[in-house]
Amino acid sequence: TCRRRRRKQWYQRRVRGPNGGGAPSGVLGDAITSTFSSFDKFKAELSALTVGVQGSGWGWLGVDPTTKRLAIAKCANQDPLLPTTGLVPLLGIDVWEHAYYLQYKNVRPQYVAKIWDIVNWKDIQQRYEAVLRQ
């Protein structure tokens, strides 16, 4: 569908970075540490939530536009994050089988573990800061 195609384009542009991976710094890094105790705990929580999506869907890091607090969430199938949870999407991990099947077969945990090597934290930080300015 059109919505699915737009989400896929968002994913390709926003998640992958040429110098991706590592941990975020600045206000985003501070917010992740404040919310989840550490980057490693955040990574473990979002990974577990994402791997646990039944069937197809997404694992998300989002920000509540009112409270400015970070939160993780999952959405089944094509359900969009903002209308279903009220969170503005910052990082989405696509767990539709076509996203990983050719390279990882049915080993979703391995795919999710490797996604952290390409996350575009610079782009995610810019979007987080834009929400903070609202």
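Above: the structure in question.
Below: a short report on this structure. (Residues numbered from 1 in each chain as written. Predicted model: local features only at pLDDT ≥ 70, side-chain atom pairs only at ≥ 80, totals over all residues. Heavy atoms only, no water.)

Points about the packing of helix α2 (residues 26-36) against helix α3 (residues 39-51)
- With their axes 8 Å apart at the nearest point, α2 and α3 run at an angle of 75 degrees to one another. It follows that α2 is roughly perpendicular to α3 by the angle criterion. Listed contacts from α3 to Ile32, Thr33 and Phe36 of α2 are Phe39, Lys41, Phe42 and Glu45.
- When its residues are assigned to classes, the contact of α2 with α3 shows four nonpolar, one polar and two charged. (Axes fitted to C-alpha atoms, helices over the stretch in contact; angles between N-to-C directions. Helix = DSSP H or I, 4+ residues; strand = E, 2+ residues; numbered from the N terminus. Parallel < 35°, antiparallel > 145°, perpendicular 65-115°, else oblique. Contact = heavy atoms within 4.5 Å. Nonpolar A, V, L, I, M, F, W, Y, C, P; charged D, E, K, R; others polar.)

Re the nonpolar core
- Residues Ile32, Phe42, Leu61, Leu70, Trp116 and Trp121 are the most contacted members of the largest nonpolar core, which totals 24 residues.
- For this core, the secondary-structure elements that each account for two or more residues are α2, α3, β1 (57-63), β3 (88-94), α6 (108-115) and α7 (121-133).
- For isoleucine 32, the residues in contact, after removing those within four places along its chain, are Pro24, Ser37, Ser38, Phe39, Phe42, Leu61, Leu70 and Trp121.
- The next biggest cluster of nonpolar side chains, apart from the first, holds seven residues, and it includes Trp58, Trp60, Cys75 and Leu87. (Core = buried A, V, L, I, M, F, W, Y, C linked by side-chain atoms within 4.5 Å. Buried < 20%, exposed > 50% of the residue type's maximum accessible area, 1.4 Å probe, protein only.)

Brief notes about the pairing of β3
- Burial analysis of β3 places five of its seven residues in the buried class, the great majority of the element.
- As paired strands, β1 and β3 are joined by six bridges and run antiparallel to one another. Opposite tryptophan 60, over in β3, you have glycine 92 as the bridge partner. (Pairing = 2+ DSSP bridges.)

Quick word on the sheet that holds β1
- Taken together, three strands build an open sheet; the order of strands is β2-β1-β3 and the sheet is antiparallel. In this open sheet, the two edge strands, each paired with only one partner strand, are β2 (70-76) and β3. In this sheet, adjacent strand axes meet at a mean angle of 25 degrees when their direction is disregarded.
- Direction of pairing for β1 relative to β2: antiparallel, over a ladder of seven bridges.

What to know about the packing of aromatic side chains
- Per the counting criterion, the structure on display carries eight aromatic pairs.
- Look at phenylalanine 39 and phenylalanine 42: their rings are 5.9 Å apart centre to centre, the planes differ by 45 degrees, and that puts the pair in the tilted class. With phenylalanine 39 and phenylalanine 42 both in helix α3 and three residues apart, this pair spans about one turn of that helix.
- A relative accessible area of 16% means that phenylalanine 39 is categorised as buried.
- Centroid distance tryptophan 116 to tryptophan 121: 6.3 Å. Interplanar angle 15 degrees. Geometry classified as stacked.
- For tryptophan 121, a relative accessible area of 7% translates into the label buried.
- Here a set of aromatic residues connected by ring pairs shows up, and it is made of Phe36, Phe39, Phe42, Trp116 and Trp121. (Phe/Tyr/Trp six-rings, centres within 6.5 Å; stacked < 30°, edge-to-face > 60°.)

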